[in-house]
Number of protein chains: 2
Amino acid sequence: MSIESAKVRLEKMLGSRFRVTRGELVQHGQNESIFPVTPPDAVVYPTNTKEVAGIVTICSEEACPIIAWGVGTSLEGHALAFQGGVTVDMSMMNKVLELNAEDFNVVVQPGITRKQLEHELRASGLFFPIDPGADATLGGMAATRASGTTAVRYGTLRDNVLALEVVLADGRIIRTGSRARKSSAGYDLTALFVGSEGTLGIMTELTLKLYGQPEAVAAATCSFENVASCVDAVTEIIQMGLPVARLELLDSAMMRGINQWDRSLNMTEQPHLFMEFHGSEASVHEHAEIAGEIVSDHGGSEFSWATRTEDRSRLWKARHDAYYAAKAMRPNCMVLTTDACVPISRLAEAINETVADIEASPLEGPIVGHVGDGNFHIALLLDPESEDEIAAAKTIQANINHRALRLGGTITGEHGVGIGKMRYMAKEHGDAWKVMSAIKRALDPKNVLNPGKVVQLN
Amino acid sequence: MSIESAKVRLEKMLGSRFRVTRGELVQHGQNESIFPVTPPDAVVYPTNTKEVAGIVTICSEEACPIIAWGVGTSLEGHALAFQGGVTVDMSMMNKVLELNAEDFNVVVQPGITRKQLEHELRASGLFFPIDPGADATLGGMAATRASGTTAVRYGTLRDNVLALEVVLADGRIIRTGSRARKSSAGYDLTALFVGSEGTLGIMTELTLKLYGQPEAVAAATCSFENVASCVDAVTEIIQMGLPVARLELLDSAMMRGINQWDRSLNMTEQPHLFMEFHGSEASVHEHAEIAGEIVSDHGGSEFSWATRTEDRSRLWKARHDAYYAAKAMRPNCMVLTTDACVPISRLAEAINETVADIEASPLEGPIVGHVGDGNFHIALLLDPESEDEIAAAKTIQANINHRALRLGGTITGEHGVGIGKMRYMAKEHGDAWKVMSAIKRALDPKNVLNPGKVVQLN
């Protein structure tokens, strides 16, 4: 019973879809954060659910850790095999299995990426709205309960996964949920697996909610003198109950970053809101007008409209590239991204205190935020060689997380726990964290599924 | 270790809030379905979380079943102590603890009823939209993942509980979720407890999402020649993505029932849609116009508008009283209510086949449905003395449930499992039902929390 004998058996089962070349292992040990490269012992590429079940059965029998892998865009080291083991790369399971247009849902395999799905849906008149920026896989997005720029209107993956097929730790295949829009038939296992980061099972099929393409879409930007007045405007927009589809804050450092990233943007380097409105022509007009008045009341500029599809795409591309734009602001830096989320009434306090923290530190930390949700990110730009900078960043991060908890919020709005947030889980959840562990033990008694993440098994 | 010694200890702890009078026990053995009266061994009335924890600790030590009780409006025998034990009546824990108007949430105790909450919120400009008809407690609604007429727009209790305080089977008190609008911090315990029917823990505090009162509300009714064309209109309205706030079907038998129930209504006794639109004046007008065109395309009548608040209240009261109106249609009958929910594209098939079943039976079964969700109820009116009628009703019910599963739906859209749906759980969930049992064993190893409901152990 060992990782080595799991490897022998997996190679026999999968042939060329079992890989142990150095390049392959290193590639699956990368991450978009500050964790060191952590290669697994092997990478496997299943092509269907039965193969996933076979892989899990072997690994379970051999007590070999199993880590599901999408495209590696997660920010908390979720998919790093830091206890060794086998990485299950889902890229060969990337099909749309069934488009149920009249029921507004689609059944996909977990390896499909957001942009692939968008492409597959293009002729249907429907769309999947959740957009975390990165071109992540839908399996990865579901596993981390991802959200992004549109969650303020459409919710998160929690709200948009109707049903799952999951391979359990012992290799059994189950289905959760149904295609009905609601159900009261027992425990909500779909919600339990969404956000469980591959620690309770491996998703092999997802049924996702779709939405009709809005008749009208309009995007606007506006700038403010300072972050505080920008946040005040956001708070009022949300408290009005205005159904804005995106509502993003970028501070002046971040605006400088995206101007450098895409020189054609050439925007004022002041704190900005990027907004989008979805609906009928009439309602988009109505909502934009109300938002414009609120912005103006808080000293914001006139709206600058991106009405043509290509202008809008460029704008959101810039926003979505914020992580890479921030990273490019400092040559050879690495980025530590924070992810606090607080009640909207405490957002100004959370951001203002964080800005003061950054100003008092030696670091640069551009801010972007899904502020309509109370969620904001600081991209702390670090010299990977400097222990002082890393220590300073960790202090800022800790302050942000403790502040979020003090204000009634959470340490992670959308990035998940992975390795990076483990140290804050006891404080956020108290004994509820132990309940999570009890569930983990019940569903994965041998602790083979992504061990060491989300829960702590003493 | 026994129920008897639990009773001695609970009386010592609670004094006059421990009750064993016959009347009290029988009252807590009632239900609004066809289950026989099943009195518990004792009823207790805690006044705070600590007391609930104390009660649970004693019962757990004494291996005494614990059943939480709201107001007893559930339809599947959820709160019946059919293995004996102590019923925990939550009526003394019925306060609003905290109204966070600027964050659109409210913290309540579980014993508050829907109408009490409505009353408490009246001056705030905010409302809690979920409306299952009955004046249930919010704890009971959360425990069954209730929904009702407005779920088509606002979702179910799954979507509207932000956070919980829960007493676990061993007496520990935990908090799940936070006041942030979203989180990725580990397993979604809030979603796990919502819909768990008191089998995993006892909710002692709920943080609920609130919504701004819409600027405009308009209700309309229209009639159709037959149920089939009515359902076709519904399907098209939903497939248009029209954000209607309520969309209810009542067949001609049900219309006859509510006319008898409230003679001032005096409506045509043909299949009807009852609809409601929420939004700005302009959007309500726009949506009503589109809905009117669809209805007309399917041979429906002109809309009859209920614009005055009192007319609207009377209309929805009639709809909400449908269960009692149906029951009144046949003197001394009892009512077996079905609760299938299917994908909207299969709704016509599900309802048409069900109508044929009822027509071929000796029974009357008025239909009401939250058809915008694909959810519909048949109220089968039975002579409680007639074994033939009970058998016929159970056959119809079984057909409806198996049909729902065949069509990709669920056996219960909103009523929950309780005792009544246990026999269908294996078929709906397969091995996923065993996963539910594994979770139950992990969280309640002695099986003291509402034993025999939702999951089957061994």
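About the cut-offs
Residues numbered from 1 in each chain as written. Chains lettered and ligands numbered in written order. Predicted model: local features only at pLDDT ≥ 70, side-chain atom pairs only at ≥ 80, totals over all residues. Heavy atoms only, no water. Helix = DSSP H or I, 4+ residues; strand = E, 2+ residues; numbered from the N terminus. Rg over C-alpha atoms; globule rule 2.2 N^0.38 Å. Buried < 20%, exposed > 50% of the residue type's maximum accessible area, 1.4 Å probe, protein only. Contact = heavy atoms within 4.5 Å. Least-squares fit on C-alpha atoms with pLDDT ≥ 70 in both. Buried area = accessible area lost by both parts, 1.4 Å probe. Salt bridge = Lys/Arg side-chain N within 4 Å of Asp/Glu carboxyl O. Polar contact = N/O pair within 3.5 Å; in protein donor to acceptor, adjacent residues only side chain to side chain. Pairing = 2+ DSSP bridges. Axes fitted to C-alpha atoms, helices over the stretch in contact; angles between N-to-C directions. Parallel < 35°, antiparallel > 145°, perpendicular 65-115°, else oblique. Left-handed = near helix turned anticlockwise from the far one by under 90°. Nonpolar A, V, L, I, M, F, W, Y, C, P; charged D, E, K, R; others polar. Phe/Tyr/Trp six-rings, centres within 6.5 Å; stacked < 30°, edge-to-face > 60°. Expected span 1.5 Å × (residues − 1). Patch = residues over 30% accessible without salt bridge, like charges linked within 9 Å, V, L, I, M, F, W, Y side chains within 5 Å. Areas by Shrake-Rupley, 256 points an atom, 1.4 Å probe, with all protein chains shown as cover. Lys, Arg positive; Asp, Glu negative; His and termini not counted. Charge placed at Lys NZ, Arg CZ, Asp CG, Glu CD.

Draft legend 1. Looking closely at the overall build of chain A. From N to C terminus, chain A includes 17 helices and 18 strands. Relative to the 2.2 N^0.38 estimate, which gives 23 Å for 458 residues, the radius of gyration of chain A is 22 Å and therefore close to what a compact globule would have. Per-residue burial for chain A yields a buried fraction of 64% across its 458 residues. Pairs at least 24 residues apart make up 70% of the contacts formed inside chain A by residues separated by at least 6 positions.

Draft legend 2. Up close: the relation of the copies chain A and chain B. Once chain A has been moved 0.0 Å along the axis and rotated by 180°, it coincides with chain B to within an RMSD of 0.0 Å. The transformation relating the two chain copies, once decomposed into turn and shift, fits a two-fold axis. Residue by residue, 100% of the interface of chain A is reproduced at the interface of chain B, so both copies engage with the same surface.

Draft legend 3. Fine view of the interface of chain A and chain B. Each partner contributes residues to the interface: chain A has 75 residues there, and chain B has 75 residues. Here chain A and chain B share an interface that buries about 5800 Å² over both sides, 56% of which is from carbon and sulfur atoms. Looking at the side of chain A facing chain B, the largest losses of area belong to A:Lys182, A:Ser184 and A:Tyr187, adding up to 16% of the total buried there. At the boundary of chain A with chain B, the tally comes to eight salt bridges. Across the pair A:Glu414 and B:Lys182 runs a salt bridge whose closest N-O atoms are separated by 3.2 Å. Counting across the interface, chain A meets chain B through 40 residue pairs in polar contact (both at pLDDT 80 or more). Contributing elements (two or more residues each) for the side of chain A that touches chain B: helix 6 (151-154), helix 7 (157-160), strand 9 (173-177), helix 8 (189-193), helix 9 (227-239), helix 11 (281-297), helix 16 (422-429) and helix 17 (431-443) of chain A. Top contributing element to the side of chain A that touches chain B by residue count: helix 17 of chain A, with 10 residues.

Draft legend 4. Representation of the sheet that holds strand 5 (residues 96-100) of chain A. Residues and elements named next belong to chain A. The five strands are arranged 5-6-10-8-9 in an open sheet whose pairing can be described as antiparallel. Strands at the two margins of the open sheet, each flanked by one partner only, are strand 5 and strand 9. Strand-to-strand twist of the sheet, defined as the mean angle between neighbouring strand axes without regard to direction, takes the value 15°. Two strands pair when backbone bridges link them, and strand 8 (residues 161-167) and strand 9 are joined in this way by five bridges, in the antiparallel orientation. If you follow Glu165 over to strand 9, its bridge partner there is Arg175. Packing against the sheet, helix 3 (residues 49-61) makes contact with strand 8, strand 9 and strand 10 (202-209), and its axis sits at approximately 50° to strand 8.

Draft legend 5. Looking closely at the packing of helix 1 (residues 3-14) of chain B against helix 3 (residues 49-61) of chain B. Residues and elements named next belong to chain B. Between helix 1 and helix 3, the least distance of the axes is 9 Å, while the angle of their chain directions is 160°. Classed by the angle they form, the pair helix 1 and helix 3 counts as roughly antiparallel. Crossing hand, helix 1 versus helix 3: right-handed. Residues Ala6, Arg9, Leu10, Met13 and Leu14 of helix 1 pack against Glu51, Gly54, Ile55, Ile58, Cys59 and Glu61 of helix 3. Grouping the amino acids of the contact of helix 1 with helix 3 by side-chain chemistry returns seven nonpolar, one polar and three charged.

Draft legend 6. Quick look at the pattern of salt bridges. Enumeration according to the criterion identifies 64 salt bridges over all chains in this entry. Here A:Arg158 and B:Asp188 are joined by a salt bridge, their closest N and O atoms 2.7 Å apart. With A:Arg158 in helix 7 and B:Asp188 in the loop between strand 9 (173-177) and helix 8 (189-193), the pair connects residues from two separate chains. For B:Arg256, the salt bridge goes to B:Glu364, with nearest N and O atoms at 2.7 Å. Linking B:Arg256 in helix 10 (residues 252-261) with B:Glu364 in the loop between helix 14 (347-359) and strand 17 (367-370), this pair joins segments that are 108 residues apart in sequence. B:Arg256 sits in the partly exposed class, given a relative accessible area of 31%.

Draft legend 7. Spatial organisation of the packing of aromatic side chains. The tally for this structure, following the rule as stated, stands at 14 aromatic pairs over all chains. Taking the centre distance of 6.1 Å and the plane angle of 75° together, the rings of A:Phe274 and A:Trp316 count as edge-to-face. Pair noted here: A:Phe274 is in strand 14 (residues 272-279) and A:Trp316 is in helix 12 (residues 309-320), with a separation of 42 residues, a long-range link. Accessibility assignment for this pair places A:Phe274 and A:Trp316 in one class, buried. Note on B:Phe127 and B:Tyr154: the rings are 5.7 Å apart at their centroids and 85° apart in plane angle, and the pair reads as edge-to-face. With B:Phe127 in strand 7 (residues 126-127) and B:Tyr154 in helix 6 (residues 151-154), this residue pair connects regions lying 27 residues apart in the sequence. Here B:Phe127 and B:Tyr154 have matching classes, each one buried. Feature note: the residues A:Phe127, A:Tyr154 and A:Tyr211 constitute an aromatic cluster, connected by ring pairs.

Draft legend 8. Up close: the packing of helix 17 of chain A against helix 17 (residues 431-443) of chain B. Contact geometry for helix 17 of chain A and helix 17 of chain B: axes closest at 9 Å, N-to-C directions at 130°. It follows from the interaxial angle that helix 17 of chain A and helix 17 of chain B lie oblique. The two elements helix 17 of chain A and helix 17 of chain B cross, and the hand of that crossing is right-handed. Listed contacts from helix 17 of chain B to A:Val435, A:Ala438, A:Ile439, A:Ala442 and A:Leu443 of helix 17 of chain A are B:Val435, B:Ala438, B:Ile439, B:Ala442 and B:Leu443. Here the contact of helix 17 of chain A with helix 17 of chain B is composed, by residue class, of 10 nonpolar, no polar and no charged.

Draft legend 9. Structural detail: helix 15 (residues 387-406) of chain A. All names here are of chain A. Here helix 15 is 20 residues long and its end C-alpha atoms lie 28 Å apart, about the 28 Å a rise of 1.5 Å per residue gives. Turning to helix 15, its buried residues number three or more, namely Glu389, Ala392, Ala393, Ile396, Gln397, Ala398, Ile400, Asn401, Arg403, Ala404 and Leu405. In this structure, the buried side of helix 15 is in contact with strand 16 (334-337), helix 14 (347-359), strand 18 (375-382) and helix 16. Note on helix 15: the residue one or two positions beyond its end, Gly408, has a positive phi of about 85°.

Draft legend 10. The arrangement of a negative patch on the surface in detail. Residue and element names in this part refer to chain A. On the surface, Asp232, Glu236, Glu289, Glu293 and Asp297 cluster together to form a negatively charged patch. Of all the secondary structure elements, the ones that give two or more residues to the negative patch are helix 9 and helix 11. With respect to the helices, strands and loops of the structure, Glu236 is situated in helix 9.

Draft legend 11. Local environment of the sheet that holds strand 3 (residues 66-69) of chain B. Ordered by their spatial adjacency, four strands build an open sheet running 1-2-4-3 (chain B), and the pairing between neighbours is mixed. Edge positions in the open sheet fall to strand 1 (18-19) and strand 3 of chain B, since each of these has one partner strand only.

Draft legend 12. Structural detail: the pairing of strand 14 (residues 272-279) of chain B. All names here are of chain B. Among the eight residues of strand 14, eight are classified as buried, and the element is accordingly described as predominantly covered. Pairing of strand 13 (residues 246-250) with strand 14, which is carried by five bridges, proceeds in the antiparallel orientation. Each residue of the ladder has a partner; that of Leu250, found in strand 14, is His272.

Draft legend 13. Up close: the side chain of A:Asn31. Residue and element names in this part refer to chain A. With respect to the helices, strands and loops of the structure, Asn31 is situated in the loop between helix 2 (22-27) and strand 2 (42-44). Here the side chain of Asn31 touches Phe35 through a polar contact of 2.8 Å, landing on its backbone oxygen. Not counting chain neighbours up to four residues away, the residues in contact with Asn31 comprise Pro36 and Leu80.

Draft legend 14. Molecular detail of the side chain of B:Lys182. Note on placement: B:Lys182 falls in the loop between strand 9 and helix 8. There is a polar contact of 3.0 Å between the side chain of B:Lys182 and the side chain of A:Ser147. What B:Lys182 contacts, discounting residues up to four positions off in sequence, is A:Ser147, A:Gly148, A:Ala151, A:Thr156, A:Cys341, A:His370, A:Asp373, A:Asn375, A:Thr410, A:Gly413 and A:Glu414.

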